[in-house]
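# Examination of the molecular architecture
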Amino acid sequence: MSLPKSFAAALLLAASLPAAAQSRQETLLTTNWKFTKGDQPDGAKPELNDAQWQTVRIPHDWAISGPFDGKNDLQAVKIEQNNEQQATLKAGRTGGLPFIGVGWYRRQLAVPALGKGGQAVLLFDGAMSNARVYINGKEVMFWPYGYNSFSVDITPYLRASGPNTLAVRLENFAEASRWYPGAGLYRNVHLITTKGAHVPVWGTYVTTPSITASAATVKLKTQVAAPAGTTGLKLQTDLRNAAGQVVATATTAVVAGRETEQNFVVKSPKLWSPETPTLYTAESKLLAGTAVQDTYKTPFGIRSFTFEKGKGFSLNGQPRKFRGVCNHHDLGPLGTAINTAALRHQLVLLKDMGCDAIRTSHNMPAPELMTLCDELGFMVMVESFDEWKAPKVKNGYSQYFDQWVEKDLVNMVHRDRNHPSAIMWSIGNEVPDQSTPEGPAIARRLQDIVHREDPTRPVTAGMDRFDDDFKYGFAAVLDIPGFNYKPHRYAEALAKLPQGFLLGTETASTVSSRGVYKFPAVLGKDKKYDDNQSSSYDLEACNWSQIPDIEFAAQDDGPAVAGEFVWTGFDYLGEPTPYDEKWPSHSSYFGILDLASQPKDRYYLYRARWNPSQPTVHLLPHWTWPGREGQVTPVFCYTNGASAELFVNGKSQGRQTKAGPGATDPQTRYRLEWKDVVYQPGSIKVVAYDAQGNILGTEEVRTAGAPHHIRLLADHTRLAADGEDLAYLIARVEDAQGNLCPGATQQLHFTVSGAGKFRAVGNGDATNLEPFQEPQMHAFQGQLVAIVQASETAGPVQVKATAAGLQAGVLQLQTAKR
């Protein structure tokens, strides 16, 4: 099905989550797994003695514990996206971690008695990669793409009376990725059992033909599976609001094996948006007479959106632009093993910045991320592939494309098509096929598959080959033309595009290291320094990318430009541009926040733009520069104020005012800069004013003295006693007056006692080779982050940080049952 180029959708959407019922049982298979690295010829056999294998908890990333080594996945490549002319050795391109090779996982599988017509299904949220699943020695599933979810009916392979053995073989190849992919059963594994008629995996699909302020019409399609000969079934569904009150109901006869459609009217619907992420619940009961066969609960949201020629994007009738970021799937020091608390931590930081959208670059996300985006209010571009038929890396997705692309797209759409947060599908990122005559036909085929499975959402792709995209007609195929790093050509694109609007699918790619400043503070492309760091003056980018201000101006000056997705929200493991060829750099410099989730200065530049409801006043750089006395040290202020006055040691340096639209230098529109400040120890202070001349806020930065103590700050102090919840603790090295010591590099040691344990540590330094899992690490620019994990027991948690010559930092957390 083709969508009109002026795309409009009015949807009531759901995240389909099965609930416990009389027959349905769903169990997360998290514990009692055995793991070993290296191939095992008899790894699938039930009789294998795996007692010497490592006992692990799923989700699990076997490579994140390292050690780092520049020889791990050393790639001799020419990166065309970076305009490279010849191949060079890239030591840290995929993070320098040992993810290559074979790993085996095994566990005993306790399956409840199914009875006649019962079924047992394994659902894998993701397995990295080339997953082969065995039950009692028999291979029951092969799924190569490590980012996708898949399920398999294991009923025919189960023993009538246990035990049953589940084994999973995974294999990662060299030169298969452009970033750190992780390794292992890094997402959750579910065992779902039913006894008779039931709703299968991803078995519901909800849309609305119309939404008005007074009513939303709701269409629920439900698949029902049942043993042969089953009759007399009916489906009873209640729609409930956030308070649990029933707002609509329907009961419909069911024919097993056919899709059942139900229609509802929700009066005065509460609309889902990033500002008001209101969710409803559809509760469906599958009945045989009065006996409940299955229950299926579906959280959902009601919202409408349009993409229109000359106007761009509107949500619930209100024009807006995406304030989005691209994120890879790793969680920094935790690796790729999914953790809901870690994802929530990231999203809360992005929310405070004013971010309202996520691009799941460049692959299917974890289902937990989609659920959190529903609940917290983020619009999502759900992305699928980094390659099609033409390869970027030797062993990438191109080898699977012909056989697997439709299967992968169908699973992606079926799993996520009911999330209110999902706004659009992306079928690819910077695929070289753009530059071939066949490229548009491939794009049309993939887009048609997505439309067939979900005709309610538009399709996009991240295009980076501007001239070829128009030469071969690639850009005209897509519902949403998405351009990567082309703000200077937006006007040209809009003049040519039949759609009449476009989206910045990947923008900026500014590089910086938290707390590091280079002099002179001038614009630069592909700048490299001996210390493998990049300047946090936010003036450095790649030869193919820009500083944020250039994209800001293009967005503001183009009403038909629908917004942007910045590369990236967080630093990630791998792709250490501009130091791809210079070990020990092994993680990115692109993030608005660093690898340990600490905000860089750039965070406040985006916050000033994206979060107008909260005052932002941020000064940079730090003001501790022994040896720079008398030298020019520029001072910048990131603020959503209209103007600001700077004081150095109490003396005014003048008041700066932001320029308006049309200014030739975009920096003058979005930052305030005092370029000729001369450094003297003491303090710098800024007073920011709104457009009416009222004081918006102030900030003062003082010269630090000698390191004196460690200060611990937690993102939250009360944790759920569930064995999974996390607290992120910033450890700051401060002087006696509480000023951050930006030059402090002491090794900090952590001890955790009580109802919690140390989980990981990170300092955000892309060159740091210290392991994340050991409870000590050197501070970088005066600070780092320690991650503490709650136990399953309620009680106090004591965290202590020590370092030679410093007073210890102590903080108490509390875990509680919820």
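Residues numbered from 1 in each chain as written. Predicted model: local features only at pLDDT ≥ 70, side-chain atom pairs only at ≥ 80, totals over all residues. Heavy atoms only, no water.

## What to know about the overall build of the protein
How we decide: The helix and strand labels rest on DSSP assignments: H or I over at least four residues marks a helix, E over at least two residues marks a strand, and numbering proceeds from the N terminus. Between the two quantities, the radius of gyration covers C-alpha atoms and the globule rule is 2.2 Å times the number of residues to the power 0.38. A simple rule labels every residue: compare its accessible area, found with a 1.4 Å probe on the protein chains alone, to the largest value its type can have, and call it buried under 20%, exposed over 50%, or partly exposed in between. By definition, residues are in contact when any of their heavy atoms lie within 4.5 Å. Accessible surface is estimated by sampling points in the Shrake-Rupley manner with a 1.4 Å probe; for residues, cover comes only from the protein chains shown. For this count, His and the chain ends are skipped, Lys and Arg are scored as positive, and Asp and Glu as negative. Working definition for charges: the position is that of NZ of Lys, CZ of Arg, CG of Asp or CD of Glu.
Tallying secondary structure elements over the protein gives 10 helices and 49 strands in all. Whereas a compact globule of 818 residues would reach a radius of gyration of roughly 28 Å, the protein reaches 27 Å, a difference of no more than 12%. Counting only C-alpha atoms and orienting by the principal axes, one finds that the protein spans roughly 90 × 60 × 55 Å. When burial is assessed residue by residue, the protein has 61% of its 818 residues classed as buried. The long-range fraction of contacts in the protein, counting pairs at least 24 apart against all pairs at least 6 apart in sequence, stands at 70%. Accessible area for the protein stands at about 29,200 Å²; split by element, carbon and sulfur atoms hold 51% of it. One finds the centroid of the 80 positive side-chain charges in the protein at a distance of 5 Å from the centroid of its 82 negative side-chain charges.

## Re the pairing of strand 40 (residues 695–702)
Under the convention used in this document: Strand pairing requires that DSSP identify at least two bridges connecting the strands.
Sheet topology note: the strand 39 (residues 683–689)/strand 40 ladder contains 7 bridges and is antiparallel. Bridge pairing links Ile-684 to Val-701 in strand 40. Between strand 39 and strand 40, which pair antiparallel one after the other, the connecting turn spans 5 residues, and Gly-693 there sits at a positive phi close to 90°.

## Thoughts on helix 1 (residues 340–353)
As a reminder of what qualifies: How far a helix is expected to stretch is found by multiplying one less than its residue total by 1.5 Å. Think of a polar contact as two N or O atoms within 3.5 Å of one another; within protein, one of them needs to be a possible hydrogen donor and the other a possible acceptor, and neighboring residues in sequence only count if both atoms come from side chains.
The end-to-end C-alpha distance of helix 1 is 20 Å, a good match for the 20 Å that 14 residues give at a rise of 1.5 Å each. For helix 1, the full list of buried residues reads Ala-341, Ala-342, Leu-343, His-345, Gln-346, Leu-347, Leu-349, Leu-350 and Met-353. If you follow the buried residues of helix 1, they end up packed against strand 24 (322–326), strand 25 (357–359), helix 2 (367–376), helix 9 (601–610) and strand 43 (726–734). Its side-chain oxygen placed 2.9 Å from the backbone nitrogen of Ala-341, Asn-339 serves as the N-cap of helix 1.

## Overview of the sheet that holds strand 4 (residues 33–37)
Hydrogen bonds between backbone groups are what pair the strands of a sheet, and the pairing can be parallel or antiparallel. Quick note on the threshold: Axis lines are fitted through C-alpha atoms, for helices just across the contact stretch, and the angle between N-to-C directions can take any value from 0 to 180 degrees.
In spatial order, the strands read 5-4-8-13-10-11; together these 6 strands make up an open sheet with antiparallel pairing. Because the sheet does not close on itself, it has two edges, and the strands there are strand 5 (54–56) and strand 11 (138–143). Averaged over all neighbouring strand pairs, the angle between strand axes comes to 25°, with direction disregarded. Relative to strand 5, strand 4 runs antiparallel, the two being bridged by 3 bridges. Residue pairing in the sheet places Phe-35 in a bridge with Gln-54 of strand 5.

## Thoughts on the packing of helix 1 against helix 9
In helix packing, the relevant descriptors are the interaxial angle and the interaxial distance, both defined with respect to the helix axes. Let me state the cut-off plainly: Roughly parallel means an angle under 35 degrees; roughly antiparallel means over 145; roughly perpendicular covers 65 to 115; every other angle is labelled oblique. We call Asp, Glu, Lys and Arg charged. Ala, Val, Leu, Ile, Met, Phe, Trp, Tyr, Cys and Pro are nonpolar, and the rest, Gly among them, are polar.
Remark: helix 1 packs on helix 9, axes separated minimally by 8 Å, with the N-to-C direction vectors making an angle of 55°. Here helix 1 is positioned oblique relative to helix 9, judged by the angle of their axes. Of helix 9, the residues touching helix 1 (which contributes Leu-349, Asp-352 and Met-353) are Tyr-603, Tyr-606, Arg-607 and Trp-610. For the contact of helix 1 with helix 9, a count of residues per class yields 5 nonpolar, no polar and 2 charged.

## Observations regarding the pattern of salt bridges
Put simply, the rule reads: The term salt bridge refers to a pairing of a side-chain nitrogen on Lys or Arg with a carboxyl oxygen on Asp or Glu at a separation within 4 Å.
According to the stated counting rule, one finds 40 salt bridges in the structure shown. Ionic pairing is found between Arg-169 and Asp-39, a salt bridge with its closest N-O pair at 3.0 Å. With Arg-169 in strand 13 (residues 164–172) and Asp-39 in the loop between strand 4 and strand 5, this residue pair connects regions lying 130 residues apart in the sequence. Residue Arg-169 is classed as buried on the basis of its relative accessible area of 14%.

## Description of unusual backbone geometry
Geometrically, the link from Gly-66 to Pro-67 is a cis peptide bond, its omega value of 5° lying close to zero. Inspection of the secondary structure puts Pro-67 in the loop between strand 5 and strand 6 (75–77). Positive phi outside glycine occurs at Asn-316, with the angle close to 50°. Its location among the elements puts Asn-316 in the loop between strand 22 (312–315) and strand 23 (318–319). Phi is positive for Tyr-485, close to 60°, though the residue is something other than glycine. Following the sequence through the fold, Tyr-485 ends up in the loop between strand 29 (480–484) and helix 7 (490–496).

## Observations regarding the packing of aromatic side chains
We count it as follows: Any two of the Phe, Tyr and Trp rings considered here, Trp counted by its six-membered ring, make a pair once their centres fall within 6.5 Å; the pair's planes then place it as stacked at under 30 degrees, edge-to-face at over 60, or tilted in between. Criterion for a charge above a ring: Lys NZ or Arg CZ within 6 Å of the ring centre, and within 35 degrees of the ring normal.
Counting across every chain of the model gives 41 aromatic pairs. One aromatic cluster is present, built from ring pairs that chain together Phe-305, Phe-307, Phe-313, Phe-322, Phe-501 and Phe-565. One Lys or Arg, Lys-351, reaches over the ring of Phe-378 and ends 4.9 Å from the middle of that ring. One residue, Lys-407, lies across the ring of Trp-404, its end atom 4.3 Å from the ring centre.

## A word on the environment of Gly-569
As for its placement among the helices and strands, Gly-569 is situated in the loop between strand 33 (561–567) and helix 9. On a C-alpha basis, the gap between Gly-569 and Gln-346 in space is 8.9 Å, while along the polypeptide they are 223 residues apart. Beyond its immediate stretch of four places on either side in the chain, Gly-569 contacts Val-325, Cys-326, Asn-327, Gly-591, Ile-592 and Leu-593.

## Regarding the side chain of Ser-273
Position of Ser-273 relative to the elements: it lies in the loop between strand 19 (259–267) and strand 20 (280–288). A relative accessible area of 8% means that Ser-273 is categorised as buried. Within the structure, Ser-273 has its side chain in polar contact with the side chain of Thr-276 (distance 2.9 Å). Residues in contact with Ser-273, not counting those within four places in the same chain, are Leu-315, Asn-316 and Gly-377.

## Here's the deal with the packing of helix 1 against helix 2
So the rule is basically this: Each crossing gets its handedness from the near helix: less than a right angle anticlockwise from the far helix is left-handed, clockwise is right-handed.
Packing of helix 1 against helix 2 leaves a shortest axis separation of 10 Å and a crossing angle of 40°. As judged from the angle between their axes, helix 1 and helix 2 are oblique. Our pair here, helix 1 against helix 2, has a crossing hand that is right-handed. Contacts between helix 1 and helix 2 pair Thr-340, Leu-343, Arg-344, Leu-347 and Lys-351 from the former with Glu-368, Leu-369, Leu-372, Cys-373, Glu-375 and Leu-376 from the latter. When its residues are assigned to classes, the contact of helix 1 with helix 2 shows 6 nonpolar, 1 polar and 4 charged.

## Describing the environment of Ala-560
With respect to the secondary-structure elements, Ala-560 resides in the loop between helix 8 (548–556) and strand 33. Separated by 95 residues in the primary sequence, Ala-560 and Arg-465 have C-alpha atoms spaced 21 Å apart. In contact with Ala-560, other than residues within four places in its own chain, are Gly-310, Lys-311, Gly-312, Leu-494, Gly-500, Phe-501 and Leu-502.

## Topic: the confidence of the model for the protein
In low-pLDDT segments, the atomic positions of the prediction should not be examined closely. Note the threshold: The predictor's confidence in any single residue is recorded as pLDDT, a number from 0 to 100.
Summarising the model, the protein shows a mean pLDDT of 95, and 97% of its residues fall at 70 or more. Taken together, the stretch residues 1–21 has pLDDT below 50 and engages in 94 contacts with residues farther than four places along the chain or on a different chain.

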